[in-house]
Amino acid sequence: MTGTTGAPAERREGREKVGGTARYAAEFPLPGRLQAWPVPAAVARGRVTGIDTAAALAVPGVLDVLTHENAPRLAEPDDATLAVLQDPRVPHRGWFVALVVAETLEAARAGAAAVRVGYEAEKHDVVLTPSHPGLYVPEEASAGQPGVREQGDPDGAFENSAVRVDVAYRVPPLHNHPMEPHASTARWEDGRLLVHTSSQGAHTVRAVLAGLFGLPEERIVVTAEHVGGGFGSKGTPRPDVVLAAMAARHTGRPVTVAFPRRHLPAVVGHRAPTLHRLRLGADADGRLSCLTHEVTTHTSRVKEFVEHAAVPARVMYAAPHRRTLHRVAALDVPSPSWMRAPGEAPGMYALESAVDELAGELGMDPIELRVRNEPDVEPDSGRPFSSRHLAECLREGARRFGWDRRDPRPRSRRDGPLLLGTGVAAATYPAMVRPSTAEARALPDGTFLVRTDAADIGTGARTVLAQVAADALEVPLERVRIEVGSTELPSAPLAGDSSGTASWGWAVHEACTLLTHRLAGHTGPLPEQGIDAHADTTGTADAESAYARHAFGAHFAEVAVDTVSGEVRVARLLGVYAAGRILNARTARSQFVGGMTMGLGMALTEGSTMDAAFGDFVESDLASYHVPVHADVAEIEAHWLDEDDSRLNPMGSKGIGEIGIVGTAAAIGNAVHHATGVRFRELPLTPDRVL
Ligand code: MOS
């Protein structure tokens, strides 16, 4: 290693982004390009009985209105949320029933407002309750996790435990709301489909489009060069790319579909609400004998997606008697989907809050309680951990935070009308690696070109992959050029489940290592086209691994609760992580801090409200869906331990994109309890709840 990895290298595309020259999917003004604006359904359940497009077509500049009657037919997709404009059924409010195509965005929008849709509405059911008659235990929750797992006799063990906590928590629906809303520009040329889209994985989009339009993949090019965030909502293709391709085929011209933010809540997924019930039983020394975590959630009638929020309880603490279970009901709601740390974020909010409650019952320090229940092996699977440094993260965090100066008694610190408190929670996220490919080329001018279809969704993927390449090639970073974000490049998995860098990086490392060997065996000047090497890495599927591989962390929060207004202010947030080798200190810090900031939003301000009457989410813009801003946290710090784990990938890295959000909300909630002596069990902790 030349020491390039780990260095705080600056983001390669930073200048383009701040200078405004980085182009996003809606910013390709191709000659003759049209704009399109969708029409969302105004009922929550039923069917379209008629669409009157005359007024829309009379708007100057409007070319056409696509509906289920005239839109191109699609093959049936695996993901039924993509079967847009195929039939008159309305499965939820906001489902698209028409698309207006026009010369300008303004005309498309005016046309969409002029479309008259007739509906036959049916009674809808959109409210999740713990005793909803439609609840069932799914075979699988999201991420392929078993719906239920049980060991021993958790109910009996709970009854016989000396100290018990039996509590219920609720996390509301949450929305990803990336800075750049979903957008796609599509055109057809000589039977080929060419697409610019805002996505976490161009190859995934291409595969789905090939199926939908019945085209061989070689006739589709998908590029996602710059992506303004996704947080899971761009992990799979969304209706924008399907509608853009349909409209482009229908009109024979390039078409851009850029969703206005107010359409997002219904059509690009959300984190489903989760109702949690936890039962923790321990002996007087705080050793858990029983741990049950039962999660109740919703999915849509379009497809089954079950937020796997009981899964982290399979990883965290030793307890011989255990049950982790999901229940789900299919309601007439928009389809839930991936959102940053799916499962872990809401699950660890509930679990880490309940652990704090148990510490209170025991009169024990919450860090000590966690350390005391550290498992020797992964509790659910019995597999050894490839590495686990949770206790070290807790201890290091406690040292940096000044935990030993804390008076454990709730409501013991006051500053005028403010009640002050501190809290801690653990974090975990699986370390996954997917199959990937990459290509490296040595050129006669002494530079190297590395190509792979990684997605840089704001993480700095380009930069860190160049670092991995420079190290494997043993050359300075400046000599490595990198291309990502297109299906014209070697295939690579999506930027998702914090597995991107580990997966792409492995392939980049292999290709560069192979190239180094080729170059060592080469004499004389390089040929003009250079010398190249290709790598095809398999990754290691979690189920096949002999080891349980997870990153761990500890979050600390200090809050001030205003007894006059009920407002919770966060004075300090501190995270310490053990996530394998950190490959870029600068971008990694941004990932951790970004995740913690999103956890702060989850704790205090974010939440989508299901309107029972209309059957849709009330918050549909950033004026009503409150994401945190700089003023919402005074101090935020992220640190990490050097963790050497050879059982991951050649770089020794674990994923870091999601763990920052995991446990942050619990740390803040636990601090609010410490400040006030009151346990709030429903997020977000807005003044109306706290006062
Ligand atoms: Mo992430 S929710 O796996 O993109």
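Procedures and definitions
- Residues numbered from 1 in each chain as written.
- Predicted model: local features only at pLDDT ≥ 70, side-chain atom pairs only at ≥ 80, totals over all residues.
- Helix = DSSP H or I, 4+ residues; strand = E, 2+ residues; numbered from the N terminus.
- Rg over C-alpha atoms; globule rule 2.2 N^0.38 Å.
- Buried ≥ 20, exposed ≤ 12 C-beta atoms within 10 Å, placed from the backbone.
- Contact = placed C-beta atoms within 7 Å.
- UniProt positions renumbered as here; feature names shortened; annotations may be inferred.
- Pairing = 2+ DSSP bridges.
- Axes fitted to C-alpha atoms, helices over the stretch in contact; angles between N-to-C directions.
- Expected span 1.5 Å × (residues − 1).
- Domains from an automatic or database assignment.
- Nonpolar A, V, L, I, M, F, W, Y, C, P; charged D, E, K, R; others polar.
- Core = buried A, V, L, I, M, F, W, Y, C linked by C-beta atoms within 7 Å.

Looking at an unreviewed UniProt entry, the protein chain carries the name Xanthine dehydrogenase family protein molybdopterin-binding subunit, with the source organism given as Streptomyces levis.

Chemist: Would you mind going over the overall build of the protein chain with me for this structure?
Modeler: Counting its secondary structure elements, the protein chain contains 15 helices and 26 strands. In terms of overall dimensions, the protein chain is globule-like: its C-alpha atoms have a radius of gyration of 26 Å, near the 26 Å expected for 691 residues. Classification of the 691 residues of the protein chain by burial places 55% in the buried group. Looking at the protein chain alone, contacts between residues at least 24 apart form 83% of all its contacts between residues at least 6 apart.

Chemist: Explain the UniProt feature "domain: Aldehyde oxidase/xanthine dehydrogenase a/b hammerhead" (unreviewed entry) in the protein chain to me, please; I cannot follow it from the model alone.
Modeler: UniProt marks residues 19-123 with the feature "domain: Aldehyde oxidase/xanthine dehydrogenase a/b hammerhead" (unreviewed entry), using the numbering shown here. Along residues 19-123 one finds 14% helix and 33% strand; the C-alpha atoms at either end are 51 Å apart.

Chemist: Looking at this model, I keep getting lost on the sheet that holds strand β13 (residues 274-282). Mind explaining?
Modeler: Each strand in a sheet pairs with another by means of backbone hydrogen bonds, the pair being arranged parallel or else antiparallel. Spatial strand order, β7-β15-β14-β13-β8: 5 strands in an open sheet with mixed pairing. Here the strands that pair on one side only, and so sit at the sheet edges, are β7 (148-151) and β8 (163-171). Adjacent strand axes in the sheet meet at a mean angle of 10° when their direction is disregarded. As judged from the 9 bridges shared by β13 and strand β14 (residues 288-300), these two strands associate in the antiparallel manner. Residue Gly281 lies in a different strand from β14, and its bridge partner there is Cys290.

Chemist: Could you clarify how one ought to interpret helix α13 (residues 585-604) in this entry?
Modeler: Working note: α-helix, 3.6 residues per turn, so residues spaced by three or four point in the same direction. The first and last C-alpha atoms of α13 sit 28 Å apart over 20 residues, in line with the 28 Å expected at 1.5 Å per residue. In terms of burial, α13 is a largely internal element, 15 of the 20 residues being buried.

Chemist: Sorry if this is basic, but what is going on with the domain arrangement of the protein chain here?
Modeler: Many descriptions give the size of an interface as the accessible area lost when the pieces come together. When cut into domains, the protein chain gives domain 1 (34-123 + 179-229 + 234-267), domain 2 (142-174 + 270-431 + 546-690) and domain 3 (434-539). For domain 2 and domain 3, the distance between their C-alpha centres works out to 36 Å. With 16 residues of domain 2 in contact, the opposing surface of domain 3 contributes 14 residues. Split by residue class, the side of domain 2 that touches domain 3 holds 8 nonpolar, 7 polar and 1 charged.

Chemist: What is the right way to look at the nonpolar core in this model?
Modeler: Side chains of nonpolar character tend, in soluble globular proteins, to be buried together. Ala36, Val100, Val450, Leu465, Ala469 and Ile668 are the most contacted members of the largest nonpolar core, which has 196 residues in total. With 10 residues, the single largest contributor to this core is helix α8 (residues 344-362). Those residues in contact with Leu465 that lie beyond four places of it in its chain are Val450, Ala454, Ile482, Trp504, Gly505 and Val508.

Chemist: When you look at the sheet that holds strand β2 (residues 46-52) in this model, what are you seeing that I'm missing?
Modeler: With antiparallel pairing, the 3 strands of this open sheet are ordered in space as β4-β2-β6. The open sheet is flanked by β4 (89-90) and β6 (116-121), the only strands paired with a single partner. Pairing geometry for β2 and β6, over 6 bridges, is antiparallel. From the neighbouring strand, Asp52 faces β6, where its bridge partner is Arg116.

Chemist: What exactly am I supposed to notice about unusual backbone geometry here?
Modeler: Keep in mind that most residues, glycine aside, have a negative phi and that most peptide bonds are trans. Put simply, Leu683 and Pro684 share a cis peptide bond, and its omega is -10°. Tracing the backbone through its elements, the reader meets Pro684 in the loop between α14 (664-676) and α15 (687-690). Located in the positive-phi region is Leu85, a residue other than glycine, with phi close to 55°. Among the structural elements, Leu85 can be located in the loop between β3 (62-67) and β4. A count of 24 C-beta atoms within 10 Å places Leu85 in the buried class. In this model, Asp497 sits at a positive phi of 35°, which is unusual for a non-glycine residue. As for its placement among the helices and strands, Asp497 is situated in the loop between β20 (480-483) and α12 (500-520). With 22 C-beta atoms packed within 10 Å, Asp497 lands in the buried category.

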